[in-house]
Amino acid sequence: MTGLTMGRRAAAGLCAGLLLWAAPAPAQDAPGGAAAAATPAVPDRETLLRLLAEEMTTRLVTALSIQARSHAAEVATLEYRLRQTEERLERAEGERDRREEAHRRELSAMRDLLARAEAAVGGIGASQAAMKQALETREEDIGRLKAALGAALGSLAEARQEVRRTQAAAAEATAAELAAMRSRLDAATAALEASRGEGRGLAADRDRLAAEAEALRHAEARLRLDRDIAVGERDAMSDRLEQAAARVADPLPSADGLESQALERLGQIEQFLSSTGINVSRLSQPIPAKGAVVPPPLPVSRQGGRGGPFVPLARDREPDAAGKPGPQLERHLDRLERIERVLRVMPIGAPLASYSFESGFGRRSDPFRKRAAMHEGVDLAAPMRTPLHATAPGTVVHAGRKAAYGNTVDVRHAGGLVTRYAHLADVKVSVGDTVARGDVVGLLGSTGRSTGPHVHYEVMIDGTAVDPARFLGRR
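Remember, it's a predicted structure, so these values are computed and weren't measured experimentally.

1. Let's talk about the overall build of the protein
Scanning the protein from N- to C-terminus turns up 7 helices and 12 strands. Among the 475 residues that make up the protein, the fraction classed as buried is 31%. When contacts within the protein are restricted to residue pairs at least 6 apart in sequence, those whose partners lie at least 24 apart make up 70%. Surface accessibility of the protein: about 29300 Å² in total, with carbon and sulfur atoms responsible for 55%.

Written out as structure tokens, the structure reads:
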């Protein structure tokens, strides 16, 4: 409206100036009594009115253009405020569907009004009357938009209050739920403490039962070893009974002959034991190992019962006055029996019934790097998955994977002896198992650092590898 008023005032001023300019000037007498020079031609009234109308129309159109741009700026401002209002309405939480729908209808009506206003602005050049009517319509639209915006702002305030009430209610409900959860947590904590107390009692019972089970396993292993030794003693006794029966049937040899035979046998066995490097006296000591059951100590003097039929010694076989006392022969026989019992718990023989000797103990060319290396065992070849037997009674101290050895079984024996069976296809024992001579400990294979099916067999004394060929004997 300010631009329109200014345009009208400018048009009125222009009209007044034109009227003044068009008025006829008063006549003046020229000097010398002659009439002055003719004045410039003055346009007629119609021309002046036409010029005035054109000037008024031009200024009015300019004023209306300025007014239209002002209205367009106001419309842009209103549109920006409407977009902000829409964003605020979108962020309002918990707004009811009915109010959102009403707001959408109002915004749609406002957009329609804005579209009509823009169309009205575009048709300003058609006529002055139409432009005035469009401007009046725009003012009415703006009033309605302002009213709608006020209503929208009021609805937004109500929505904010509703959101605050909802948040307060939710906070109260959350606080109540947290209090209930804390009470349940306290109850669960008390139950957990009670369960922990019961668990500690159960753990103590479990440890006690495990200790009892371990003791039972030890006792069972001890009984197995005692049984094996008793079986060996029974076999030896049977042999001695057969020999005694043969001696009863045949003429008895002299005491000197028996003593010489015993000494010869002792010499052979002691020579074999010295070749193995084993300290025979240590074989009477138990093996200190965690959870391992060890063979019982071998006798320094006789252990267990003694018996058998009495076969009287002939007078000519009794010790003579010159010589050798009878108890000396018996001591030699006792010594021979003790050493034979030592042999029954030593790893004598090979883990295979039939095999091919592939590689020996000591310096050799490594099969992979082709360089000089130390071989701490012997390689015995046989068909894949051939059963491997323990070479002496003992306790399994390792059963599983062991780096380049592949699947490996280590068995601890009396006197610090350990035998190792490596490159197995399958392991048949577990750590802590007690094995007897001849028990299957695994199946021959080619696991680990191996070029083909074989068993790497080692014998160690106090952790130092010795040549297993000393114990293999004849195949």
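From this point, things continue past the structure.
2. Quick notes on unusual backbone geometry
Phi at K370 is positive, roughly 60°, even though this residue is not glycine. Here K370 is to be found in the loop between strand 2 (362–365) and strand 3 (372–375). Not every positive phi belongs to a glycine, and D462 is a case in point at roughly 55°. Looking at the element boundaries, D462 is found in the loop between strand 11 (455–461) and strand 12 (464–466).

3. Considerations on the nonpolar core
If you look at the biggest cluster of nonpolar residues, it comprises 26 residues, and the most contacted ones within it are L352, L388, V409, Y421, V441 and V455. Elements supplying a minimum of two residues to this core: strand 4 (378–381), strand 7 (407–412), strand 8 (417–427), strand 10 (440–444), strand 11 and helix 7 (469–472). With near-sequence residues (within four places) excluded, V409 lies in contact with V396, H398, T419, R420, Y421, L424, V427, V429 and V441. In this structure, V75, L78, L82 and L107 belong to the second largest nonpolar core, which totals 9 residues.

4. Description of the environment of D439
Looking at the secondary structure, you find D439 in the loop between strand 9 (434–435) and strand 10. Residue D439 is classed as partly exposed on the basis of its relative accessible area of 33%. Along the primary structure D439 and L388 are separated by 51 residues, whereas in three dimensions their C-alpha atoms are 8.1 Å apart. Contacts of D439, omitting those with residues within four sequence positions, involve L388, H389 and A390.

5. Structural notes on the pairing of strand 7
With 5 of its 6 residues buried, strand 7 lies for the most part within the structure. With 6 bridges joining them, strand 6 (residues 394–401) and strand 7 adopt antiparallel strand pairing. When the sheet's bridge partners are listed, V396 is paired in strand 7 with V411. Taking the residues that link successive antiparallel strands as the turn, the strand 6-strand 7 hairpin has 5 residues, and the phi of A403 there is positive, at about 45°. Bridging between strand 7 and strand 8 involves 5 bridges; their strand directions are antiparallel. If you follow V411 over to strand 8, its bridge partner there is T419. Between strand 7 and strand 8, which pair antiparallel in sequence order, lie 4 residues; one of them, G415, sits at a positive phi of approximately 70°.

6. Quick word on the pairing of strand 2
Moving residue by residue along a regular strand, the side chains alternate between the two faces of the sheet. Judged from the 4 bridges that link them, strand 2 and strand 3 form a sheet pairing that is antiparallel. Within the sheet, the bridge partner assigned to S365 lies in strand 3 and is A372. If you look at the hairpin formed by strand 2 and strand 3, you'll find 6 residues sitting between the two strands, and K370 has a positive phi there, around 60°.

7. A look at the side chain of D410
Assignment of secondary structure puts D410 in strand 7. Here the side chain of D410 touches R420 through a polar contact of 2.9 Å, side chain to side chain. If sequence neighbours within four positions are ignored, D410 has contacts with T395, V396, V397, H398, K402, V418, T419 and R420.

Definitions and limits used
- Residues numbered from 1 in each chain as written.
- Predicted model: local features only at pLDDT ≥ 70, side-chain atom pairs only at ≥ 80, totals over all residues.
- Heavy atoms only, no water.
- Helix = DSSP H or I, 4+ residues; strand = E, 2+ residues; numbered from the N terminus.
- Buried < 20%, exposed > 50% of the residue type's maximum accessible area, 1.4 Å probe, protein only.
- Contact = heavy atoms within 4.5 Å.
- Areas by Shrake-Rupley, 256 points an atom, 1.4 Å probe, with all protein chains shown as cover.
- Core = buried A, V, L, I, M, F, W, Y, C linked by side-chain atoms within 4.5 Å.
- Pairing = 2+ DSSP bridges.
- Polar contact = N/O pair within 3.5 Å; in protein donor to acceptor, adjacent residues only side chain to side chain.

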